[in-house]
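The chain contents come next:
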Amino acid sequence: MNDDELLARLKSADPALTPHAPLPDIDRLVEDTLTTDTAHRTGSTAPAKTAARRSRRQLLGLAAAAGLLLLGGGIAGGVMANNDNGHPASAGPLTLTTDSGLGSQKCVTPSPDTLRGYPTLFLGTVTSIKGSTVTFRVDYWLKGGDTETVVLDSDASRPEALTFSDGERYIVAAENGVVPACGANVASDETVDEFRQAFGK
């Protein structure tokens, strides 16, 4: 049997070429193709080409997912590294000291007008007091800062030194890293609201 005879025999055996062959159900075939997993249809004897294609698709999916994670991490890192003022957060806490001069003057009630001239101004909550070191968590930077923590070295040995209570909120003003005698005051909720409104925070 030569090639032509073999081809003629194959054509005669093809049911699609007979006049009684049913028309294909295109909708069912498309649905089957879209909803059937190639690995399940072909079983464990899937051709190497199909397996390679599937493996390539999985790698592309993993690469896309990794790219999205990196992008999301970069955006989250950028948001976390900026404070309310849009300034990048510094590596460590801001360190301040109290005024070493003797202060016997009476302090006026803090207001946005009386403290506006200070280049460093924040509302913060005392998180720890260890000896003369007071640590603040910054609730709102009003002027000049970008850290989440401020450490204040308050010389408690001086009678006129500022005193602090753990968990209390304060409005703190400083110039050149020094908090003046009247530069730290307990901040009530009303004071916090007043300062936030005045400084647009």
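Definitions and limits used
Residues numbered from 1 in each chain as written. Predicted model: local features only at pLDDT ≥ 70, side-chain atom pairs only at ≥ 80, totals over all residues. Heavy atoms only, no water. Phe/Tyr/Trp six-rings, centres within 6.5 Å; stacked < 30°, edge-to-face > 60°. Helix = DSSP H or I, 4+ residues; strand = E, 2+ residues; numbered from the N terminus. Buried < 20%, exposed > 50% of the residue type's maximum accessible area, 1.4 Å probe, protein only. Lys NZ or Arg CZ within 6 Å of the ring centre and 35° of its normal. Pairing = 2+ DSSP bridges. Contact = heavy atoms within 4.5 Å. Axes fitted to C-alpha atoms, helices over the stretch in contact; angles between N-to-C directions.

S.K.: Before we go on, may I ask you to explain the packing of aromatic side chains in this structure?
M.R.: Think of a pair of aromatic rings as described by two things: how far the centres are apart, and how the planes are tilted against each other in angle. Within the structure shown, the criterion is met by six aromatic pairs. Plain terms: the ring middles of F136 and F164 are 5.6 Å apart, the flat faces sit at 85° to each other, and that makes the pair edge-to-face. Placement of the pair is F136 in strand β3 (residues 133–143) and F164 in the loop between β4 (149–153) and β5 (169–174), with a sequence separation of 28 residues. Each member of the pair F136 and F164 is classed as buried. Ring-pair connections join several aromatic residues into one group, and the members of that group are F122, F136, W141, F164 and Y170. When the ring centre of F199 is taken as origin, the NZ or CZ atom of R116, which lies over that ring, is 4.7 Å away.

S.K.: So what exactly am I meant to see when it comes to the sheet that holds β5 here?
M.R.: Hydrogen bonding along the main chain pairs the strands of a sheet, whether they run parallel or antiparallel. Strands sit in the order β6-β1-β4-β3-β2-β5-β7 across an open sheet of seven strands; the sheet is mixed. Whereas interior strands pair on both sides, the edge strands pair on one side only; in this sheet they are β6 (178–179) and β7 (184–186). The pairing of β5 with β7 spans three bridges and is classified as antiparallel. From the neighbouring strand, Y170 faces β7, where its bridge partner is V186. Sitting on the sheet, helix α6 (residues 189–198) touches β2 (120–130), β3 and β5, and the angle it makes with β2 is about 145°.

From the geometry alone we can't say anything about function, so treat these as descriptive.
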